[in-house]
Amino acid sequence: MFTKAKIFISSVAQDSLKQLRESMWDILRDLGHEPMLFERNFGAWDSHTNPVQKCIECVRESDALLLFISNKAGTFYERSQRTVTHMELIEACAKRKTVLVFVDRMVKAEYFAKAKWIIEEYVESYKAETSSFPKASDIVAVLSRADLSPNVDPYVWFFLHDIVGRGIYFEDLNLAVAPDWKMYFSDLLRRGLQLMPFKDAIETNERQLDQYDHFYDILTSAIPSLDITGFRNLKALLKSFQRSVTGDVVEHDYGYVKEPVGSFGDCSAVTLYELQEDRLVVRGKTGTAIGEDYYLLDNKDSFIALTYSNPEPNDQVFFKESNCTFYYCLRLPKHVMTFHLPCGPDWNTDKFMASKDSVIRVIIDKNALAFDFVRMLIGAMQHGD
Amino acid sequence: MATKVYVSLNGVVTEAVGTQPKDALLFAPSKKSAAQVIVEQRANRRRNSQFIRERLEEAFKR
């Protein structure tokens, strides 16, 4: 008993795409798949069925969404602020369907050359003014006034921008030269076949992940119940933290592509300073750390003192170009712990200022467990130490 | 929203604007704490695992 792959063919019902939609139906049927096409096999419904809901349900039942985009947007629903085609894509993404997108190559080129930047500039200025995102209709209104091809509905640019933001790759659609669809679907089959032998391995990994996740719950509930009275071997503890914090590549995420802007290395030093009256006194350090024995709390040249005197609860990242190092600093109730992450001489103050959010995000995403574990452990010392 | 960058130079902390000297100490707060990131990573992992289990079951159902 075989189950056919159900493939939903999605596009605006415009004349220039009519032939493509119908030929796709035939090709997919010939290949043995089960295509879903509005005008062929699911367009007829009873009068009580909402047509948009019907399309969404068909997407939900499908294995893949095949989306064609040309210059028309289709009907815009004011209440949902989206078109039907767009809502089909949203449902496919929400249900993690395989999404295959083809965009008219002229439209695609103009999006990346002009429309993308107009949207980004408007969204950024709107966010800066209102601390919220603009509605789709606001963005479309801006696009309709912009110097863009008049034969392309402005909503199409907004739709493409959303697809790019979701990290979905889209291929060129040249209506004059049809792609080799049989080869295209054979390639999809090949990609799926690569994974099939790993069913047991994936399931084993999933079970182990659940066990580690459960272990994390045990740790986070048990440690705050402890009253840790001190260090048996502080140097060894700091070294183990140093080994656990690692470097990575810093990338700017543009949705469609990620651009590496630099990197930083594995943690080269860890320090622990403790609050004693008006100063922070070193309790231990490892690696290449060469800090002073203490810093007065009002010392504004010290990242140790600045971290402790910061009234905000969030951690901070410091950077000194002359040291080629990022310093991730944890403010704890009676301590400051710092992690030194070396970076190359390509990092200067301008680059740090332009990329700080990406730098901080990468450092935390990569090392969140280590930082949180430090916070739990040292936090458990606050009464007994 | 982008966070601000601050600069500490000769004992004075100000918001960093424009190119800064090499020996300036720049710093910026993180938007999220490590604990928040872990909560998000774990929730995301659970969602992914659920999808993977459902898809494996669907893919190998006969």
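## Digging into the overall build of chain A
Across its full length, chain A carries 12 helices and 15 strands. Relative to its length of 385 residues, chain A is extended, with a C-alpha radius of gyration of 28 Å against a globular reference of 21 Å. Based on the C-alpha atoms only, the size of chain A along its principal axes is roughly 80 × 55 × 40 Å. Looking at chain A as a whole, 43% of its 385 residues are labelled buried. Partitioning the intrachain contacts of chain A with sequence separation of at least 6 by distance along the chain shows that 65% fall at a separation of at least 24. For chain A, the accessible area works out to roughly 20200 Å², and carbon and sulfur atoms hold 53% of it. Of the charged side chains in chain A, 44 are positive and 55 negative, and the gap between their average positions amounts to 3 Å.

## Considerations on the pairing of strand E11 (residues 279-287) of chain A
All names here are of chain A. In this structure, strand E10 (residues 269-276) lies alongside E11, joined through eight bridges in antiparallel fashion. Bridged to Thr 271 within E11 is Lys 285. Hairpin connection, E10 to E11: the antiparallel pair is bridged by two residues, and Glu 277 has positive phi, about 55°. Sheet analysis places E11 next to strand E12 (residues 294-296), joined by three bridges and oriented antiparallel. If you follow Val 281 over to E12, its bridge partner there is Tyr 294. Turn length for the E11-E12 hairpin, with the two strands adjacent in sequence and antiparallel, is six residues.

## Quick notes on the interface of chain A and chain B
Chain A puts 46 residues into the contact, and the matching count from chain B is 47 residues. Carbon and sulfur atoms supply 56% of the area that chain A and chain B bury against each other, a total of about 4000 Å² over both sides. Of all residues in chain A, Arg 96, Glu 206 and Met 353 of chain A bury the most surface against chain B, accounting for 15% of the area lost on that side. Connecting chain A to chain B are eight salt bridges. For Asp 213 of chain A, the salt bridge goes to Arg 46 of chain B, with nearest N and O atoms at 3.2 Å. At the boundary of chain A and chain B, one finds 18 residue pairs in polar contact (both at pLDDT 80 or more). Going through the elements one at a time, helix H5 (105-130), helix H9 (199-222), helix H11 (303-309), strand E13 (316-320) and helix H12 (349-379) of chain A are the ones with two or more residues in the side of chain A that touches chain B. Examining the composition of the side of chain A that touches chain B, we find that 13 residues originate from one element, H12 of chain A, more than from any other. Taken together, the residues of the side of chain A that touches chain B sort by class into 19 nonpolar, six polar and 21 charged. Note: E13 of chain A against strand E3 (residues 25-29) of chain B, five bridges, orientation antiparallel.

## Points about the domain arrangement of chain A
Once the domains are mapped, chain A shows domain 1 (6-190) and domain 2 (227-379). Each of domain 1 of chain A and domain 2 of chain A was reduced to a C-alpha centroid, and the two centroids are 44 Å apart.

## Topic: the sheet that holds E12 of chain A
The nine strands are arranged E12(A)-E11(A)-E10(A)-E15(A)-E14(A)-E13(A)-E3(B)-E1(B)-E2(B) in an open sheet whose pairing can be described as antiparallel. Here the strands that pair on one side only, and so sit at the sheet edges, are E12 of chain A together with strand E2 (12-15) of chain B. Here the average twist between neighbouring strands, direction ignored, is 25°. The pairing of E13 of chain A with strand E14 (residues 325-331) of chain A spans five bridges and is classified as antiparallel. The partner of Gln 316 of chain A across the bridge, within E14 of chain A, is Cys 329 of chain A. Running at roughly 70° to E11 of chain A, helix H10 (residues 234-244) of chain A makes contact with E10, E11 and strand E15 (335-342) of chain A of the sheet. Across the face of the sheet, H12 of chain A comes into contact with E13, E14 and E15 of chain A together with E3 of chain B while running at roughly 45° to E14 of chain A.

## A look at the side chain of Asp 213 of chain A
Take Asp 213 of chain A: it is sitting in helix H9. Its relative accessible area of 12% is what places Asp 213 of chain A among the buried residues. In terms of polar contacts, Asp 213 of chain A uses its side chain to reach the side chain of Arg 46 of chain B, at 3.2 Å.

## A short note on helix H8 (residues 181-195) of chain A
Residue and element names in this part refer to chain A. An ideal rise of 1.5 Å per residue puts 21 Å on 15 residues; H8 measures up with 22 Å between its terminal C-alpha atoms. Within H8, burial applies to Trp 181, Tyr 184 and Phe 185. Axial view of H8: buried residues confined to an arc of 90°, hence all on one face. With respect to the buried face of H8, the exposed residues turned more than 90 degrees away are Lys 182 and Met 183. Those residues of H8 hidden inside the fold are in contact with strand E1 (6-10), helix H1 (15-30), strand E3 (64-69), strand E6 (98-104) and strand E7 (170-173).

## So, the pattern of salt bridges
Evaluation of the coordinates by the stated rule reveals 28 salt bridges over all chains. Between Asp 26 of chain A and Arg 40 of chain A there is a salt bridge, with the nearest N and O atoms lying 3.8 Å from each other. Of the two residues, Asp 26 of chain A sits in helix H1 while Arg 40 of chain A sits in helix H2 (residues 38-42), which places them 14 residues apart along the sequence. When its relative accessible area of 38% is taken as the criterion, Asp 26 of chain A is described as partly exposed. Among the residues examined, Arg 40 of chain A registers a relative accessible area of 37% and is labelled partly exposed. Here Glu 40 of chain B ties to Lys 32 of chain B by a salt bridge, and the two come within 2.8 Å at their closest N and O atoms. A residue is classified by how much of its surface remains accessible, and Glu 40 of chain B, at 40% relative accessible area, is partly exposed. Residues participating in the shared-partner salt-bridge network are Glu 206, Asp 210, Asp 213 and Asp 217 of chain A together with Arg 42, Arg 45, Arg 46 and Arg 53 of chain B.

About the criteria used
Every chain begins its residue count from 1, and numbering advances along the sequence as written. To read the labels, note that chains go from A and ligands from 1, taken in the order they are written. For a predicted model such as this one, the threshold for reporting local features is a pLDDT of at least 70, and the threshold for listing and counting side-chain atom pairs is 80 or more; totals across whole chains, interfaces and linings nevertheless cover every residue. The side-chain quantities take in all heavy atoms of the structure and omit both hydrogens and water. Where helices and strands are cited, they refer to DSSP runs of H or I of at least four residues and of E of at least two residues respectively, numbered from the N terminus. Atoms counted for the radius of gyration: C-alpha only. Globule rule: 2.2 Å times the number of residues to the power 0.38. To sort residues, take the accessible area from a 1.4 Å probe on protein chains only and compare it with the maximum for the residue type: under 20% means buried, over 50% means exposed, and anything in between is partly exposed. Only heavy atoms matter for contacts: two residues are in contact if any of them lie within 4.5 Å across the pair. Computed with the Shrake-Rupley method and a 1.4 Å probe, the accessible areas treat only the protein chains shown as cover for residues. None of His or the chain ends enter the tally, which takes Lys and Arg as positive and Asp and Glu as negative. Think of each charge as sitting on NZ of Lys, CZ of Arg, CG of Asp or CD of Glu. Two strands pair under a simple rule: DSSP has to find at least two bridges between them. What gets called buried area is simply the loss in accessible area from a 1.4 Å probe that two parts show on being joined, summed for both. By definition here, a salt bridge exists when the distance from a side-chain nitrogen of Lys or Arg to a carboxyl oxygen of Asp or Glu is within 4 Å. In the analysis that follows, any N or O atom pair within 3.5 Å is treated as a polar contact, provided that within protein one partner can donate a hydrogen and the other can accept it, and provided that, for residues neighboring in sequence, both atoms belong to side chains. Note that Gly is not counted as nonpolar here; it falls among the polar residues with everything else outside the nonpolar set of Ala, Val, Leu, Ile, Met, Phe, Trp, Tyr, Cys and Pro and the charged set of Asp, Glu, Lys and Arg. Each domain's extent is set by a domain assignment, obtained either automatically or from a database. Helix axes are fitted only over the stretch in contact, all axes being lines through C-alpha atoms; the angle between N-to-C directions runs from 0 to 180 degrees. Helices are assigned an expected span. That span is 1.5 Å times one less than the residue count. In this description, one arc is meant: the one made by directions from the helix axis to the C-beta atoms.

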